[in-house]
Amino acid sequence: MRESDWSSDVCSSDLFPSHDIKSEIYFSVVKGEPYYVVVGLLGGEPYEIFAGLNTENGHPLFKSKEHKGVLKKLNRGKYVFKVNDENFTLTNINNHENGDALCRMVSTALRHGADISFVVHQLEKTKGDLVSLGKVLARTLKKFIKDGTKVHGEECPSCQGSQVERNDGCVLSTRLS
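Turning our attention to unusual backbone geometry. Of note, Asn84 is a non-glycine position whose phi angle comes to about 50°, a positive value. By the element assignment, Asn84 lies in the loop between β6 (78-83) and β7 (86-91).

Quick look at the structure:
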């Protein structure tokens, strides 16, 4: 069993369950930068996120093709993501203070019952320095939105209709379904 201890943009929680929770890891590339997002699931729903660049010294941090693992809190600000026979220590040390803040706020919203579709909607509207990480988080969390969920404040990109819903992560007009 190998343990990698690396710096990353990470979210932590004082409300984290005391037991291991099922987790999934997703990978994405935005503007040429490889990202990972670890989503901790409680009752099958997103509860906590950890995200960062999936590279260190030009090499990928996560190499496994397996997308399911377990997340365990070791102590305040320190977590382990276990996948296959590898443990990856996620620490609260990072190199992007805004990315850390964004992850913490998304995790707080998820832990306190915010509708995931509203969280994703807000992330999709991010601009400036957080565009890359915000888009990665939105793309990842969209996977957990149930098909048919109504979207408010958006128009269909095809017909400009205002009655839209999510299907397979995309915003579609209810007139087209």
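Okay, the pairing of strand β10 (residues 170-173) next. The alternating pattern of β10 places Val171 and Ser173 on a buried face and Cys170 and Leu172 on a face that is not buried. Across four bridges, strand β9 (residues 164-167) lies against β10 in antiparallel orientation. Residue pairing across strands places Arg166 opposite Val171, the latter belonging to β10. Hairpin remark: β9 followed by β10, antiparallel, with two residues in the connecting loop; positive phi at Asp168, about 55°.

Quick look at the nonpolar core now. One finds Ile49, Val106, Leu123, Leu137 and Leu141 to be the most contacted residues of the largest nonpolar core, which totals 23 residues. Elements with a contribution of two residues or more to this core: β2 (21-30), β3 (33-42), β4 (45-53), α1 (97-111), α2 (116-124) and α3 (131-141). With five residues, the single largest contributor to this core is α3. Non-local contacts of Leu123, meaning those with residues more than four positions away in its chain, are made with Leu102, Val106, Gly134, Lys135, Leu137, Ala138 and Leu141.

Applying the stated criterion across every chain yields a total of nine salt bridges. In this structure, Asp20 engages Lys82 in a salt bridge whose closest nitrogen and oxygen atoms are separated by 3.7 Å. One end of the pair, Asp20, is in the loop between β1 (2-6) and β2; the other, Lys82, is in strand β6, with 62 residues separating them in the sequence. Taking the relative accessible area as the measure of exposure, Asp20 reaches 33% and is therefore partly exposed. The class for Lys82 is partly exposed, based on a relative accessible area of 30%. For Glu124, the salt bridge goes to Lys142, with nearest N and O atoms at 3.5 Å. One end of the pair, Glu124, is in helix α2; the other, Lys142, is in the loop between α3 and β8 (149-151), with 18 residues separating them in the sequence. Of the residues examined, Glu124 reaches a relative accessible area of 22% and is grouped as partly exposed.

About the criteria used
- Residues numbered from 1 in each chain as written.
- Predicted model: local features only at pLDDT ≥ 70, side-chain atom pairs only at ≥ 80, totals over all residues.
- Heavy atoms only, no water.
- Helix = DSSP H or I, 4+ residues; strand = E, 2+ residues; numbered from the N terminus.
- Buried < 20%, exposed > 50% of the residue type's maximum accessible area, 1.4 Å probe, protein only.
- Pairing = 2+ DSSP bridges.
- Core = buried A, V, L, I, M, F, W, Y, C linked by side-chain atoms within 4.5 Å.
- Contact = heavy atoms within 4.5 Å.
- Salt bridge = Lys/Arg side-chain N within 4 Å of Asp/Glu carboxyl O.

Everything listed here is a matter of geometry and, on its own, says nothing about what the molecule does.
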